[in-house]
Amino acid sequence: MTDPDRLLSLLEAGLPGSAGRVRRWTNPGPSGQDALLVDPDAALEVALFLRDHPELQLDYCSNVTGVDWLPREVTESVTTTETVGGETKEVTKKVTRTEPGYLEAVYHLYSVALRHGPVILRLRAAGREAPAPLPSLTPVWRSAEFQEREIFDLYGISFSGHPDLRRLLLWDEFEGHPMRKDYVAPDEDGLPAIETAAAKGEANR
Amino acid sequence: MNLTRAAPWPAGTAPFADPGETELLELSLGPQHPSTHGVFRMNALLDGETVVRLQPVFGYLHRNHEQLAERMSYLASMPFTDRLDYFCSLTNNWAYALTVEKLAGLEVPERAEYLRVILAELTRLQNHTVFLGFLLGDMGAWGSVLMYGFRQRDAVLDLFEALTGSRMMCDYLRFGGCRCDLPPGWAAAARLVVDSYPGFLDEMEQLLTENEILRARTMGIGGVEAKRLVNAGVSGPLLRAAGLSHDLRKVDRYGIYDRFSFRIPLGEKGDVYDRLMIRLLEMRESLNILDSALRDLPEGPVINPQAKLRNFRPPAGEAYGRIESPKGELGFYLISDQSPQPYRYRVRPPSLINLTLLEEMCVGAKIADVMVILGSIDIVLGEVDR
Amino acid sequence: MTTMGTTDESLRQDLARRGVHVTSLESLYNWGRAHSLWPLQFGLACCAIEMIAATMARHDLARFGAEVFRPSPRQADLMIVAGTVTKKMAPMVVRLYNQMANPKYVIAMGACAISGGPFREGYNVLRGIDRYLPVDLYIPGCPPRPEALLHGVIRLQELIRGEKLSGPGRSRAADPAVPGEYPIPNYGPAGLRPPFNPDLWQPPSDPDAAPDDGSDAVTPRETTA
């Protein structure tokens with residue numbers, strides 16, 4: 001019951017007009033856990049629908065987490081038709097462009113009543129600049145309360161509609177969001193970082 | 001200190017003739033407190049001895065596990081998972097290995113699956129054993145029950161040490177299997193421990209279940225109905241104590257749990273007494289699983305020969321895996337970008353999310369019950385704050 | 001106060017065989033203190049569990065007179081820093097130390113309390129409690145076994161028995177120039193302010209030559225093998 005296509009058709013039937021606002025996100029890996037990419041404006045509506053639909057009953061929000069996607073350079077081949085000297089021919093060029101980075105909140109939903117899942121919702125904020133607003137799903141699943149606070153603390157996504165949005169783990173005077181990929185902790189004592197095999201990414205048995 | 005005016009008593013309910021106005025008292029419990037199970041802190045607002053508000057404060061053991069893991073190889077994070085819930089290193093290992101195996105599509109040989117079940121159930125036994133000791137300590141029975149618990153736990157830790165070289169931080173599981181095979185005589189020693197456990201549990205039940213003080217301190221305390229627990233993401237023994245049959249060993253049937261016959265003990269009211277009894281009964285079921293797993297343990301390799309330990313790069317993609325740890329649903333969420341480090345590494349900590357309803361459980365209770373309720377949730381701060 | 005130097009050692013042993021014990025006030029005082037250490041009942045992380053295990057039936061810390069764990073710092077004279085000290089927790093640890101009565105001792109138990117250990121590179125992890133507190137004894141391990149803590153307690157007792165109460169080289173508690181309290185760091189925008197107490201700890205001047213083992217600190221120190 002967690003096939004995204006089936007979910008999308010149920011959503012379209014129950015929430016007319018949601019087709020353009022909820023898309024399928026395909027997982028390239030072998031785990032087969034595909035997700036639904038939900039437009040932030042529609043997230044609350046979609047979440048309530050998924051929770052209360054009798055065939056889905058996704059009553060259990062297991063995991064909520066943030067992901068920081070940095071801007072990245074994408075090189076792709078673009079084929080265009082050009083007319084050179086009255087002759088039309090296809091030209092393939094390598095084009096490099098920069099995809100903007102964004103912050104993402106990922107929700108893993110299960111149904112305790114019907115024992116199926118996971119259904120994965122992905123909400124993408126417009127960019128990486130604070131406050132990076134997204135709607136809070138805590139009114140739908142209370143389990144998101146602390147986890148969304150943690151994302152606010154460590155990633156800097158501000159969840160609108162959250163009952164108590166404060167830093168969860170760090171103190172209030174802390175500046176910055178340390179789980180972001182470009183966060184660098186200030187050097188306090190001039191000691192070099194310990195270069196372990198693990199830190200360099202080499203697996204050691 | 002911020003003192004807040006209390007609302008006057010509703011008409012006709014005041015316990016004394018001229019109630020006047022009482023002042024609410026703001027009280028900070030922790031982070032150094034003998035019964036907060038580590039460096040947990042609660043800000044309570046009290047009306048006399050009754051809790052009016054209670055806010056948990058986290059982060060005193062936030063040691064950046066997730067960020068460190070995103071900067072090191074997949075395998076190098078394995079010993080760090082030991083230190084999440086430091087009572088249950090082997091179940092943490094299993095949750096992480098299970099997720100990486102999903103991410104990379106790795107199979108696990110049968111013998112390794114059996115070993116994982118045996119070690120996970122031994123972990124559950126020793127976790128619940130010390131849980132009893134700490135919970136009774138929170139009620140004021142400081143010392144004796146904990147001492148019985150630790151004596152029995154040490155028998156299990158000896159098995160872990162003989163197998164993995166460490167009492168607490170086992171670092172034993174590998175992606176696609178286990179690190180090494182059993183040393184000679186280990187299965188027989190494990191059998192001895194398993195056989196000695198029912199006697200210990202009988203002793204504990206005799207000591208605890210009919211105790212008048214324990215019943216008075218636990219019955220009707222801290223109960224929340226199952227539907228709200230589910231909505232708040234509460235999992236594990238707390239959910240089952242409220243009468244909901246939800247155990248991932250049955251729901252997901254991960255590993256080879258479908259081969260064992262065991263029952264799911266269920267409570268009725270979800271109060272502290274039910275939570276305590278659930279743990280006692282769960283230990284008996286774990287013993288049943290251990291009994292058949294030790295009997296049926298097959299021969300064979302303990303690690304998938306295709307599993308790569310060096311330069312391990314799972315294919316791009318993501319996976320969420322979860323297991324029934326002794327505390328509840330322990331999940332890992334990994335995103336791979338084909339580099340040796342995970343792009344995103346997330347732990348879904350049962351201890352943190354089980355605390356979501358702590359305030360609801362405590363409001364209206366006496367301040368002395370707060371520690372008992374907190375003890376019955378069974379948190380470990382290494383996992384709450386990570 | 002007299003010192004042992006005034007008593008002939010062979011005469012003292014001879015008298016002891018006859019049931020007459022001659023000692024100095026200093027030795028008696030140190031002997032009493034060494035065998036009634038009251039640790040502060042406070043655990044930070046994983047090491048605290050091994051600390052509890054050390055007090056339980058099998059390892060039985062009571063054999064060495066250090067089993068009376070007190071939850072209040074006012075009643076404790078030994079702080080076992082058992083576990084990772086995060087930057088969020090460090091001010092509380094210093095405050096607890098300040099609240100303890102003199103003479104008081106600090107054991108850094110486990111890799112995290114010594115240097116940050118495996119979590120050293122974390123943005124919220126303090127790289128060793130000796131940046132804010134005078135540590136008397138380091139017990140390495142992750143976590144150290146209960147036996148290691150027992151060994152540490154015995155070494156601390158030896159340290160206390162050798163303490164002088166007056167004159168040059170006297171103990172920290174007997175020296176009025178040594179403070180009994182240390183400044184509590186504040187939360188800053190990215191860490192603690194100040195990042196360390198310069199009276200107790202200084203970064204090694206040449207990081208390549210001097211490993212960060214705290215060997216430049218001013219307090220007497222021991223490390224269990």
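Rules used throughout
Residues numbered from 1 in each chain as written. Chains lettered and ligands numbered in written order. Predicted model: local features only at pLDDT ≥ 70, side-chain atom pairs only at ≥ 80, totals over all residues. Heavy atoms only, no water. Helix = DSSP H or I, 4+ residues; strand = E, 2+ residues; numbered from the N terminus. Rg over C-alpha atoms; globule rule 2.2 N^0.38 Å. Buried < 20%, exposed > 50% of the residue type's maximum accessible area, 1.4 Å probe, protein only. Contact = heavy atoms within 4.5 Å. Areas by Shrake-Rupley, 256 points an atom, 1.4 Å probe, with all protein chains shown as cover. Lys, Arg positive; Asp, Glu negative; His and termini not counted. Charge placed at Lys NZ, Arg CZ, Asp CG, Glu CD. Buried area = accessible area lost by both parts, 1.4 Å probe. Salt bridge = Lys/Arg side-chain N within 4 Å of Asp/Glu carboxyl O. Pairing = 2+ DSSP bridges. Core = buried A, V, L, I, M, F, W, Y, C linked by side-chain atoms within 4.5 Å. Phe/Tyr/Trp six-rings, centres within 6.5 Å; stacked < 30°, edge-to-face > 60°.

*Asks:* How would you summarise the overall build of chain A if you had to cite specific residues and measurements?
*Replies:* A count of helical and extended segments in chain A gives three helices and nine strands. The secondary structure elements of chain A, listed N-terminal to C-terminal, are α-β-β-α-β-β-β-β-β-β-α-β. Compactness check: chain A gives a C-alpha radius of gyration of 21 Å against a globular reference of 17 Å for 205 residues, more than 25% above the reference. In chain A, which comprises 205 residues, the share counted as buried stands at 49%. Taking all contacts inside chain A whose residues are at least 6 apart in sequence as the whole, residues at least 24 apart take part in 56%. Carbon and sulfur atoms form 50% of the exposed surface of chain A, whose accessible area is close to 9,600 Å². Once the 22 positive and 33 negative side-chain charges of chain A are each reduced to a mean point, those two points are 4 Å apart.

*Asks:* Outline the interface of chain A and chain B, listing residues and values.
*Replies:* The interface of chain A with chain B comprises 54 residues on the first partner and 56 residues on the second. For the pair chain A and chain B, the summed buried surface comes to about 4,400 Å²; carbon and sulfur atoms form 52% of the total. By the criterion of area lost to chain B, the three top residues of chain A are Tyr-60, Arg-142 and Phe-146 of chain A, representing 15% of everything that side buries. Counting across the interface, chain A meets chain B through five salt bridges. Where Glu-360 of chain B meets Arg-142 of chain A, a salt bridge forms, and the shortest distance between an N and an O atom there is 2.7 Å. For the side of chain A that touches chain B, the secondary-structure elements that each account for two or more residues are strand E3 (60–69), strand E6 (102–111), strand E7 (116–124) and helix H3 (144–154) of chain A.

*Asks:* Tell me about the pairing of strand E4 (residues 72–84) of chain A, residues and numbers included.
*Replies:* All names here are of chain A. As paired strands, E4 and strand E5 (residues 87–99) are joined by 13 bridges and run antiparallel to one another. Paired with Thr-80 across the two strands is Val-91, which belongs to E5. Hairpin connection, E4 to E5: the antiparallel pair is bridged by two residues, and Gly-85 has positive phi, about 60°.

*Asks:* Give me the lowdown on the nonpolar core, citing residues and values where you can.
*Replies:* Across soluble globular proteins, nonpolar side chains show a tendency to be buried alongside one another. One finds Tyr-107 of chain A together with Met-79 of chain C to be the most contacted residues of the largest nonpolar core, which totals 221 residues. A total of 15 residues in this core trace back to one element, the largest contributor, which is helix H4 (residues 110–138) of chain B. Discounting residues that sit within four places of it in the chain, Tyr-107 of chain A has contacts with Cys-61, Asn-63, Val-64, Val-119, Ile-120, Leu-121, Leu-123, Pro-135, Leu-137, Ala-144, Glu-148 and Phe-159 of chain A. Within the second largest apolar cluster, 23 residues are counted, among which are Ala-54, Phe-69, Met-109 and Leu-159 of chain C.

*Asks:* So what's going on with the packing of aromatic side chains? Residues and values would help.
*Replies:* As enumerated under the stated definition, the model contains 27 aromatic pairs over all chains in all. Arranged with centres 6.3 Å apart and planes meeting at 45°, the rings of Tyr-110 of chain A and Tyr-320 of chain B form a pair that is tilted. Within this pair, whereas Tyr-110 of chain A is found in strand E6, its partner Tyr-320 of chain B is found in strand E7 (residues 317–325), the two belonging to separate chains. Classification of Tyr-110 of chain A as buried rests on a relative accessible area of 5%.

It is worth stressing that arrangement in space is one thing and function is another; only the former is reported here.
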